Amino acid sequence: MPPVHLASTSGREVDVGALGKGRTVIYCYPRTGVPGENLPDGWDAIPGARGCTPQACAFRDHAAELAALDASLFGLSTQSTAYQRELAERLHLPFEVLSDADFELTNALRLPTFAANGMRLIKRLTLVVQDDRIEHVFYPVFPPDENASTVIGWLRDHPAP
């Protein structure tokens with residue numbers, strides 16, 4: 001992982017290049033909506049765009065299982081930390097969400113992106129990082145609400161050394 005520092009919803013900076021020993025799961029998603037605000041024009045027609053909130057809720061609901069498998073967990077999008085903080089509080093997420101608003105990690109890893117309403121957004125994918133190296137990538141991710149279960153199954157089938 002590259003030495004990139006990303007702002008977290010906890011108010012700290014996380015160096016994704018120094019996550020440390022063990023496994024870390026980073027699920028990446030395009031953007032979440034805010035209740036009462038309209039989604040971008042044509043959002044429903046973009047393959048893989050819908051489902052960010054169900055994906056976050058699934059990781060929330062399976063966070064204890066991931067912890068039992070000794071895996072740390074982060075969400076990641078290109079939205080601002082303030083925007084992400086609203087999501088984390090509203091959904092009661094027990095993990096940090098990282099902001100790659102400047103596309104530092106996205107560009108360094110050449111992660112896939114797409115454009116919608118003038119916004120550049122990351123495509124939905126999940127990274128499993130072992131000892132600061134990418135061990136496995138889930139891409140594409142569909143359906144989003146089953147991503148957490150799929151990751152847990154993979155971790156159980158591939159125990160850490």
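Our subject is the structure that appears above.
The notes below deal with the structure included here. (Residues numbered from 1 in each chain as written. Predicted model: local features only at pLDDT ≥ 70, side-chain atom pairs only at ≥ 80, totals over all residues. Heavy atoms only, no water.)

1. Looking at the overall build of the protein
Step number 1: In terms of regular secondary structure, the protein is built from five helices and nine strands.
Step number 2: Counting from the amino terminus, helix and strand elements in the protein follow one another as β-β-β-α-α-β-α-β-α-β-β-β-β-α.
Step number 3: Compactness check: the protein gives a C-alpha radius of gyration of 15 Å against a globular reference of 15 Å for 161 residues, within 12% of the reference.
Step number 4: Each of the three principal axes of the protein carries a C-alpha extent, and together these read 45 × 30 × 25 Å.
Step number 5: A sequence separation of at least 24 residues applies to 64% of the contacts in the protein between residues at least 6 apart.
Step number 6: Here the protein contributes 14 positively and 20 negatively charged side chains, and the mean placements of these two sets differ by 3 Å. (Helix = DSSP H or I, 4+ residues; strand = E, 2+ residues; numbered from the N terminus. Rg over C-alpha atoms; globule rule 2.2 N^0.38 Å. Contact = heavy atoms within 4.5 Å. Lys, Arg positive; Asp, Glu negative; His and termini not counted. Charge placed at Lys NZ, Arg CZ, Asp CG, Glu CD.)

2. Digging into the packing of helix 1 (residues 52–61) against helix 5 (residues 147–157)
Step number 1: Where helix 1 meets helix 5, the closest approach of the two axes is 8 Å, and the angle between their N-to-C directions is 45 degrees. On the basis of the axis angle, helix 1 is oblique to helix 5. Facing Gln55, Ala58 and Phe59 of helix 1, the residues of helix 5 in contact are Asn147, Ala148 and Val151. (Axes fitted to C-alpha atoms, helices over the stretch in contact; angles between N-to-C directions. Parallel < 35°, antiparallel > 145°, perpendicular 65-115°, else oblique.)

3. Let's talk about helix 1
Step number 1: Regarding helix 1, the residues found buried are Cys52, Gln55, Ala56, Cys57, Ala58 and Phe59.
Step number 2: Elements in contact with the buried residues of helix 1: strand 3 (23–28), helix 2 (63–68), strand 4 (71–77), helix 3 (81–91), strand 8 (125–130) and helix 5. (Buried < 20%, exposed > 50% of the residue type's maximum accessible area, 1.4 Å probe, protein only.)

4. Let's talk about the packing of aromatic side chains
Step number 1: Under the defined criterion, the tally for this structure stands at five aromatic pairs.
Step number 2: Residues Trp43 and Phe114 carry aromatic rings whose centres are separated by 6.2 Å and whose planes lie at 40 degrees to one another, so their mutual orientation is tilted. Of this pair, Trp43 sits in the loop between strand 3 and helix 1 while Phe114 sits in strand 6 (residues 113–116), and the two are 71 residues apart along the sequence. No difference in accessibility class separates Trp43 from Phe114, as the two residues are buried.
Step number 3: An aromatic cluster of at least three residues, connected via ring pairs, comprises Tyr27, Tyr29, Phe59 and Phe95.
Step number 4: If you follow Arg31 out to its NZ or CZ, it ends over the ring of Trp43, 6.0 Å from the centre. (Phe/Tyr/Trp six-rings, centres within 6.5 Å; stacked < 30°, edge-to-face > 60°. Lys NZ or Arg CZ within 6 Å of the ring centre and 35° of its normal.)

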